[in-house]
Amino acid sequence: MRPRSGRQNPPEMAGDPSPENPLPGSCLCGGVRFEVTAPFLWANHCHCSRCRKHSGAFGGTQGRVPREGFRLLAGEELIRVFRPEGGRVKAFCSVCGASLFGGEWPEGDEVAIRLGSLDGDPGIRPQFHNFVASRASWDELPDDGLPRYDEAHPGA
């Protein structure tokens, strides 16, 4: 079961990305540029210690798109990948350090994109919190009504 099911688009959302309506994204310095041309499959807030250390914040907020709905436009040579043992990839710009991609980057059927790297509305909102059991002691989970999982979401 994919977390996307039952999703309702709030009226302020721009709509799903598509080939006719690509959603651009980039790193902080602009050296890495990409676009999303397919709707996001799901999105979440991750509170694991690795995302926390990678972001310098509570964790990371990401969305997944099918591989065929993602195009890297510039900066492939700037992307560095850290593969922690037993964890997901952390891909970032080697110039500015911006967190960009995760999951199985650059392989895999889906691309995990940090929503903060997008230059517009992704057409989706985070649908759950995962790895809440390993969140920082100072990380107060908001009362947002989203499901919470101590570990990984079972369908993600």
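Refer to the preceding data block for the structure.
Source: prediction; values computed, not measured.

Novice: Any chance you could explain the overall build of the protein here in plain terms?
Specialist: Within the protein, the regular secondary structure consists of one helix and ten strands. Counting all 156 residues of the protein, 44% fall into the buried class. Long-range contacts, defined as pairs at least 24 residues apart, comprise 59% of the intrachain contacts of the protein with a sequence gap of at least 6. Summed over all atoms, the accessible surface of the protein reaches about 8100 Å², with 50% contributed by carbon and sulfur.

Novice: Would you mind showing me how to read the side chain of His-45 here?
Specialist: Position of His-45 relative to the elements: it lies in strand E3 (residues 42–46). Apart from the residues lying within four places of it in its own chain, the contact partners of His-45 are Phe-58, Gly-60, Thr-61, Pro-126, Phe-128, His-129, Asn-130 and Leu-146.

Novice: Where do I start with the layout of surface pockets in this structure?
Specialist: Remark: the empty space left among the atoms is shown by a probe the size of a water molecule rolled over them. By volume, the largest pocket amounts to about 370 Å³. If you trace the largest pocket, you find 23 residues lining it, with Cys-46, Cys-48, Arg-88, Asn-130 and Phe-131 closest to the centre. Among the elements of the structure, E3, helix H1 (49–55), strand E4 (60–66), strand E7 (89–93) and strand E8 (99–103) are those that each provide at least two residues to the lining of the largest pocket. Residues belonging to the lining of the largest pocket are distributed by class as follows: eight nonpolar, ten polar and five charged. Quantified by volume, the second largest pocket comes out at close to 250 Å³. Residue lining of the second largest pocket: 17 residues in total, with Ser-99, Leu-100, Arg-114, Gly-116 and Ser-117 positioned closest to the centre. At the level of secondary structure, the elements contributing two or more residues to the lining of the second largest pocket comprise H1, E4 and E8.

Novice: Teacher, can you tell me more about the environment of Asp-121 here?
Specialist: Summarising the element assignment, Asp-121 is placed in the loop between strand E9 (110–114) and strand E10 (129–130). According to the relative accessible area criterion, Asp-121 is partly exposed, its value standing at 23%. Separated by 104 residues in sequence, Asp-121 and Pro-17 place their C-alpha atoms 8.8 Å apart. A polar contact is formed between the side chain of Asp-121 and the backbone nitrogen of Gly-123, at a distance of 2.8 Å. A polar side-chain atom of Asp-121 sits 3.0 Å from a polar atom in the side chain of Arg-125.

Novice: Where do I start with the pairing of E7 in this structure?
Specialist: On a regular strand, each side chain points to the face opposite its neighbour's, so the side chains alternate between the two faces of the sheet. Burial runs high along E7: four of the five residues are buried. Two elements, strand E6 (residues 79–82) and E7, share four bridges in a ladder whose sense is antiparallel. Looking at E7, one finds that Ile-79 is bridged to Cys-93. Count of turn residues in the E6/E7 antiparallel hairpin: six residues, of which Gly-86 carries a positive phi of about 75°. Relative to E8, E7 runs antiparallel, the two sharing four bridges.

Novice: Sorry if this is basic, but what is going on with the sheet that holds strand E1 (residues 23–26) here?
Specialist: Adjacent strands of a sheet pair through backbone hydrogen bonds, lying either parallel or antiparallel. Ordered in space as E1-E2-E5, the three strands form an open sheet in which the pairing is antiparallel. Strands at the two margins of the open sheet, each flanked by one partner only, are E1 and strand E5 (70–74). Looking at each pair of strands side by side, their axes are set apart by 25° on average, direction ignored.

Novice: Would you take a moment to explain the sheet that holds E7 for this structure?
Specialist: An order of E6-E7-E8-E9-E4-E3-E10 is seen for the seven strands of this open sheet, with the pairing classed as mixed. Of all the strands in the sheet, just E6 and E10 have a single pairing partner and so form its edges. In this structure, E8 lies alongside E9, joined through two bridges in antiparallel fashion. Among the inter-strand pairings, Phe-101 is bridged to a residue of E9, identified as Ile-113.

Rules used in this analysis
Residues numbered from 1 in each chain as written. Predicted model: local features only at pLDDT ≥ 70, side-chain atom pairs only at ≥ 80, totals over all residues. Heavy atoms only, no water. Helix = DSSP H or I, 4+ residues; strand = E, 2+ residues; numbered from the N terminus. Buried < 20%, exposed > 50% of the residue type's maximum accessible area, 1.4 Å probe, protein only. Contact = heavy atoms within 4.5 Å. Areas by Shrake-Rupley, 256 points an atom, 1.4 Å probe, with all protein chains shown as cover. 1 Å grid on protein atoms, 1.4 Å probe; cavity = no way out; pocket = protein on both sides within 12 Å on 5 of 7 lines; lining within 4 Å. Points joined across faces, edges and corners; volume = space filled by probe spheres on them. Nonpolar A, V, L, I, M, F, W, Y, C, P; charged D, E, K, R; others polar. Polar contact = N/O pair within 3.5 Å; in protein donor to acceptor, adjacent residues only side chain to side chain. Pairing = 2+ DSSP bridges. Axes fitted to C-alpha atoms, helices over the stretch in contact; angles between N-to-C directions.

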